[in-house]
Amino acid sequence: MPKFIVHGGNRIKGTIRPNGNKNAALPMLAATLLTEEDVFLENVPRIKDVLTLMSLLEVLGAETEWTGPNEVRVRAANVGATQLDAAAASRIRASILLAGPMLARTGGMQLPPPGGDVIGRRRVDTHFLALKKLGAQVIEEEGVWRLKVDGRLRGANMFLDEPSVTATENAVMAAGLADGETIIRNAAAEPHVQDLCHMLVKMGCEIDGIGTGTLRIQGRERLSGCRTRITADHIEIGSFIGLAAVTRGELTIEDAAVEHLDSTLIGFGRLGLEVQIRGNDLYIPGDQEMHVTLDMGGHISKVDDGPWPAFPADLTSIALVAATQAHGNILVHEKMFESRMFFADKLVGMGARLVLCDPHRVLVIGPSRLHGAIVESPDIRAGMALLIAALGAEGRSEIFNVGQIERGYERIDERLRALGADIRRADSRSDAAEVDDAARQMFIKPAQ
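The structure contained in this document is the topic of the report that follows. (Residues numbered from 1 in each chain as written. Predicted model: local features only at pLDDT ≥ 70, side-chain atom pairs only at ≥ 80, totals over all residues. Heavy atoms only, no water.)

On to the packing of helix 8 (residues 234-247) against helix 9 (residues 262-270), then. With their axes 11 Å apart at the nearest point, helix 8 and helix 9 run at an angle of 20° to one another. Viewed along their axes, helix 8 and helix 9 adopt a mutual orientation that is roughly parallel. Relative to helix 9, the crossing made by helix 8 is right-handed. Contact residues: Gly238, Ile241 and Gly242 in helix 8; Thr264, Leu265 and Phe268 in helix 9. Its residues assigned to classes, the contact of helix 8 with helix 9 shows 3 nonpolar, 3 polar and no charged. (Axes fitted to C-alpha atoms, helices over the stretch in contact; angles between N-to-C directions. Helix = DSSP H or I, 4+ residues; strand = E, 2+ residues; numbered from the N terminus. Parallel < 35°, antiparallel > 145°, perpendicular 65-115°, else oblique. Left-handed = near helix turned anticlockwise from the far one by under 90°. Contact = heavy atoms within 4.5 Å. Nonpolar A, V, L, I, M, F, W, Y, C, P; charged D, E, K, R; others polar.)

The structure is reproduced here in structure tokens:
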């Protein structure tokens, strides 16, 4: 089994450029099914989830190719198949994002349950409620969903029962080829939803309210191809902020999409971490000793997540590790997924002082001296959090199931080594993406 071998204690130093947003790349790849013309996506992270979704597009009849280290061309001129293999769909949560485009383009699809991280129950109800509003029929038979529509989807006024990111994306994509106007209220507004909407505008859609909780989409009979660039991944940026905090390193993050970081910087600020905005870059000074900022009246502070623009749920695992190195007590409250915090017991095994109050809340008593351990990555974000903990710990750590981390972070071991981290992958990369020499540059400047 692939693993990372880490010798902790090195303070990272240098400059790094984040990759494109994984959670934008996946719906944007799905949206290429809405047109027969070429679509070019720039700044695409070359990670397992992206490669998996590209393979699913090919199953449906689309042509995909890498036209550069991080650029993809998709041409879905001959989409014919409307059925996905259950094993293939189970490899990735984003397989459900094919439902909306396929309904709009072909009038139907057979969709097995999606896979993805095991972080608690992840509802799919909102997806199908939205598609039904647009005129789709959804029939569940033997664990498979059969979706179809008679004729063309029809615009509708809908209120989502929760501001689900992927359900919003599915509804927006389906509405792009629907007859008439669609209004989506209680829509998700995360940066990746915004990226998808801007792409659809380039393809010919008229969308008002991008970045808000109400979207108005004017459907078109036909959409065109386009060229668009994926915004830097604010979750990867938050991960690098946490890395600098735990290793007490000095780090510059270039092209950091600072317009999307308000809640992230507030969350890390509560831990006492100083982060400076320099134009569109972030600078984290080195050798910081963090002290938790108490709430007014001396009450225990907390870092808690919520729908955008609140602190991102995908960064609660990173914040938890960073909190172990801050002086004082703080509550990390993960409200959205009931199993995400269960990895906390692995941090206890590394020396962290914390209390898992319930599936959603962890009380952290810091700072703790972490020591190396043998652990396994349970999901993308917890895996990255454990890797950060290992880099800040004393001694040697082994992290197994690193394929989970590599689903979301492109060649993370090489990028961290360029910053001075002592990390290596223990096997060949036969199960990872094939990357050409240009891709190996990774947009990283070595430490000075």
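A few words on the pattern of salt bridges. Under the definition given, this model contains 32 salt bridges. Between lysine 48 and glutamate 406 there is a salt bridge; the shortest N-O distance is 3.9 Å. With lysine 48 in helix 2 (residues 48-59) and glutamate 406 in helix 13 (residues 403-406), this residue pair connects regions lying 358 residues apart in the sequence. Its relative accessible area of 6% is what places glutamate 406 among the buried residues. Across the pair arginine 220 and glutamate 206 runs a salt bridge, and its minimum N-O distance is 3.6 Å. Of this pair, arginine 220 sits in the loop between strand 12 (214-218) and strand 13 (226-229) while glutamate 206 is found in strand 11 (residues 206-208), placing the two residues 14 residues apart along the sequence. Of the residues examined, arginine 220 reaches a relative accessible area of 28% and is grouped as partly exposed. One network of salt bridges, in which partners are shared, links Asp38, Glu63, Glu65, Arg73 and Arg75. (Salt bridge = Lys/Arg side-chain N within 4 Å of Asp/Glu carboxyl O. Buried < 20%, exposed > 50% of the residue type's maximum accessible area, 1.4 Å probe, protein only.)

In globular proteins that are soluble, nonpolar side chains generally tend to be buried together. Counting residues in each nonpolar core, the largest one holds 74 residues, and the members touching the most others are Leu29, Leu34, Leu98, Leu147, Leu153, Ile184 and Leu200. Ranked by residue count, the leading element in this core is helix 1 (residues 22-31), at 7 residues. Apart from the residues lying within four places of it in its own chain, the contact partners of leucine 29 are Leu41, Val50, Leu53, Met54, Leu57, Val72 and Val74. (Core = buried A, V, L, I, M, F, W, Y, C linked by side-chain atoms within 4.5 Å.)

Take the sheet that holds strand 9 (residues 157-159) next. Spatially, 9-10-12-11 is the arrangement adopted by the 4 strands of the open sheet, whose pairing is mixed. Where the open sheet ends on each side, the last strands, each with one partner, are strand 9 and strand 11. When strand polarity is set aside, the average angle formed by the axes of neighbouring strands in this sheet is 15°. (Pairing = 2+ DSSP bridges.)

The next subject is the sheet that holds strand 13. Strand order in the open sheet made by the 4 strands is 4-5-3-13, with mixed pairing throughout. Two strands bound the open sheet, and with one partner strand each, they are strand 4 (63-68) and strand 13. Within this sheet the neighbouring strands show an average axis-to-axis angle of 20°, counted without direction. Here helix 2 sits on the sheet in contact with strand 4 and strand 5 (71-75), set at roughly 140° to strand 4.

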